[in-house]
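Examination of the molecular architecture
This is what each chain is made of:
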Amino acid sequence: MKLIFSKSTPLGLRIFLALSFAISLIICDINYQPFTVIRYYLDTAVSPLYFVSNSPLSAFNTLNNLSKTQQELLNENKTLRKQLQMQESDLIRLNALKKENNELRTLLGSPLRHDEYKKVAQVLLADTNPYAYQVTLDKGSREGVFVKQPVVDEKGVVGQIYSTAYNTSRAILICDSQHAIPVQVLRNGLTMVAVGNGCNNDLLLDFLPNNVDIQVGDLLVTSGLGGRFPQGYPVATVSSVKVDEHDSTPIITAAPIADLKRLHYLLLLWNETNKPQVIAPDQETNTNE
Amino acid sequence: MNNIAHNYWVIWVTIIIGLLLQIMPWSSSFYIFKPHWLMLILIYWIVALPHRVGITTAFLVGIIIDLFLGTLLGIHAFIFSLIAYLVLFRFQLIRNLALWQQSFIIFGLSICYDLLLLLFQIILYRVITITPLIFFSSFVDGILWAWVFLLLRQIRRCFAID
């Protein structure tokens, strides 16, 4: 401080300079592309602190794991094994169905569906700012994470990557008011866009026809339009259907399926074309933490 | 002079601790009570040592917190410098108030912080997602101030930072 300003610099001038510098920074950050590169390096520089700030929680989790008795572990193992068995029996026919689906799609001339590659990421920081809903993940461009990459959890779509650093990245959630996601109703294939409305409120559906066939409880899945999210991931269930009294347009809200307030482990998705080199084939199958 | 330069780092250590507290994962159900740790620590140092910690420090801290929270670079820098200005403008008055009276001022500054954040939100993104719940965290700030103040004063005396 003393290097730049002598003690005699009036307070008014200093605050004026600071505020105008801050405003010009904001404007630069919004408008100029080169700034994202600068941010990338700055984010990379500060990212070790995320791991430090997360360490009490992870230490607590480790302690929790250490204090488990053998009996508890055995029980847990048993239930997990049972669960795995059930899910594997569900998956037995998946390969055959996948093949059949692809054959049908070839007959119809529609593009084939490709497998996705997944990788588990841990949430380091759920954002503290009440006006932006973002989370910081512990995987970055080193692991092949890219901007606009879809992020899901075991229940449904969570959001997409917003910015990356070398070993962390930041994801914007679907409930952020800046975010919109193309969806379709699973029941009848109607397509629309689900727009975030703050994480305390449900998503709003937009781009609807006036007499839309939609009911409370309908499942909305990603439509794959726009090419950013792969098709068929559950996003939300319709929670209320109302009609605007003034112009009789429907107002439909939908509750996100993923529990966006309690995110812990998330899955990053890659498709065939942009899959990173670092993912070995055996790695994406054994990704359970 | 030599002695003073030696202990100047303590201020930055407390600021970094405040930063860690600020970005620490916080249970979402208690999230509305989350205090603005960094702001409290910064205000203490400005009130105690206005010739050492001022608008420039506040600006730098703001930039760092912007990086961590992923907000546009400069938003928190703006808010922190403004708060620093408000405190510097009347630091002698604040210093002479009783601790509980200071708490009210902190409460006001904290609301100021939240409202400015909201203002930026409205200007930049054109969305309004106000919840009256933001006042809870300001309230917590006001209560916490007494402890932060006493603790930091202890630290300052311990290390004889002047």
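Residues numbered from 1 in each chain as written. Chains lettered and ligands numbered in written order. Predicted model: local features only at pLDDT ≥ 70, side-chain atom pairs only at ≥ 80, totals over all residues. Heavy atoms only, no water.

Our next topic: the overall build of chain A. Counting secondary structure elements, chain A contains 5 helices and 12 strands. Taken across its 289 residues, chain A has 37% of its residues classed as buried. Summing over all exposed atoms, chain A offers an accessible surface of approximately 17100 Å²; the carbon and sulfur share of this is 57%. (Helix = DSSP H or I, 4+ residues; strand = E, 2+ residues; numbered from the N terminus. Buried < 20%, exposed > 50% of the residue type's maximum accessible area, 1.4 Å probe, protein only. Areas by Shrake-Rupley, 256 points an atom, 1.4 Å probe, with all protein chains shown as cover.)

Feature annotation in UniProt assigns "transmembrane region" (unreviewed entry) to the following positions: residues 12-32 of chain A. Between the first and last C-alpha atoms of residues 12-32 of chain A the distance is 29 Å; the span itself is 95% helix and 0% strand. (UniProt positions renumbered as here; feature names shortened; annotations may be inferred.)

Another aspect to go through is the sheet that holds strand β4 (residues 157-164) of chain A. Strand pairing within a sheet occurs via backbone hydrogen bonds; the two strands may be parallel or antiparallel. All names here are of chain A. Pairing is antiparallel in the closed barrel, where 6 strands are placed in the order β1-β2-β5-β4-β3-β12. Neighbour to neighbour, the strand axes of the sheet diverge by 45° on average, direction disregarded. By the bridge criterion, 4 bridges tie strand β2 (residues 134-137) to strand β5 (residues 169-173) in an arrangement that is antiparallel. Opposite Leu 137, over in β5, you have Ser 169 as the bridge partner. (Pairing = 2+ DSSP bridges. Axes fitted to C-alpha atoms, helices over the stretch in contact; angles between N-to-C directions.)

With that settled, the discussion passes to the packing of aromatic side chains. What describes a pair of aromatic rings is the distance from one ring centre to the other and the angle between the planes of the rings. Scanning all chains against the criterion turns up 13 aromatic pairs over all chains. Taking the centre distance of 5.3 Å and the plane angle of 25° together, the rings of Phe21(A) and Phe59(B) count as stacked. Residue Phe21(A) is located in helix α1 (residues 11-31), and its partner Phe59(B) is located in helix α3 (residues 55-69); the two belong to separate chains. Residue classification places Phe59(B) among the buried residues on the basis of a relative accessible area of 9%. Measuring from centroid to centroid gives 5.5 Å for Tyr44(B) and Phe149(B), while their planes differ by 75°, and the two rings are edge-to-face. (Phe/Tyr/Trp six-rings, centres within 6.5 Å; stacked < 30°, edge-to-face > 60°.)

This part covers the UniProt feature "transmembrane region" (unreviewed entry) in chain B. UniProt records the feature "transmembrane region" (unreviewed entry) for residues 6-25, 37-65, 71-91, 103-124 and 130-152 of chain B in the present numbering. From the first C-alpha to the last, residues 37-65 of chain B spans 12 Å; its make-up is 79% helix and 0% strand.

Space left empty within the atom packing is revealed by a probe, the size of a water molecule, rolled over the atoms. Throughout the structure, instances matching the rule amount to 2 cavities of 30 Å³ or more. In this structure, the largest cavity spans a volume of roughly 50 Å³. Contributing to the lining of the largest cavity are Asp43(A), Tyr50(A), Thr136(A), Ser163(A), Thr164(A), Ala165(A), Thr168(A), Ser169(A) and Arg170(A). Breaking the lining of the largest cavity down by element, the ones donating at least two residues are β4 and β5 of chain A. By volume, the second largest cavity is sized at about 40 Å³. Around the second largest cavity, the lining residues are Met39(B), Leu42(B), Ile43(B), Ile46(B), Phe80(B), Ile83(B) and Ala84(B). Those elements that place two or more of their residues in the lining of the second largest cavity are α2 (37-48) and α4 (75-89) of chain B. Per element, the largest residue contribution to the lining of the second largest cavity is 4 residues, and it comes from α2(B). (1 Å grid on protein atoms, 1.4 Å probe; cavity = no way out; pocket = protein on both sides within 12 Å on 5 of 7 lines; lining within 4 Å. Points joined across faces, edges and corners; volume = space filled by probe spheres on them.)

Distance in space between the C-alpha atoms of Phe59(B) and Gly74(B) is 8.5 Å, their sequence separation being 15 residues. For Phe59(B), the residues in contact, after removing those within four places along its chain, are Ala18(A), Phe21(A), Ala22(A), Leu25(A), Ala77(B) and Ser81(B). (Contact = heavy atoms within 4.5 Å.)

This part covers the packing of helix α2 (residues 34-46) of chain A against α3(B). Geometrically, a packed helix pair is captured by the angle between its two axes and the distance between the axes. α3(B) packs onto α2(A) with a crossing angle of 90° between their chain directions and a minimal axis gap of 10 Å. Taken together, the axes of α2(A) and α3(B) are roughly perpendicular relative to one another. Across the interface between the two elements, Arg39(A), Leu42(A), Asp43(A) and Val46(A) from α2(A) touch Asp66(B), Leu67(B) and Phe68(B) from α3(B). Here the residues of the contact of α2(A) with α3(B) are counted per class, giving 4 nonpolar, no polar and 3 charged. (Parallel < 35°, antiparallel > 145°, perpendicular 65-115°, else oblique. Nonpolar A, V, L, I, M, F, W, Y, C, P; charged D, E, K, R; others polar.)

With that settled, the discussion passes to the packing of α2(B) against helix α7 (residues 134-159) of chain B. All names here are of chain B. One way to put it is that α2 packs onto α7 with a least axis distance of 10 Å and a crossing angle of 50°. In terms of axis orientation, α2 runs oblique to α7. Regarding α2 and α7, the two cross each other, and that crossing is right-handed. Counted together, Trp 37, Met 39, Leu 40, Ile 41, Ile 43, Tyr 44, Trp 45 and Ala 48 of α2 and Asp 141, Leu 144, Trp 145, Val 148, Phe 149, Leu 152, Arg 153 and Arg 156 of α7 form the full contact between these two elements. (Left-handed = near helix turned anticlockwise from the far one by under 90°.)

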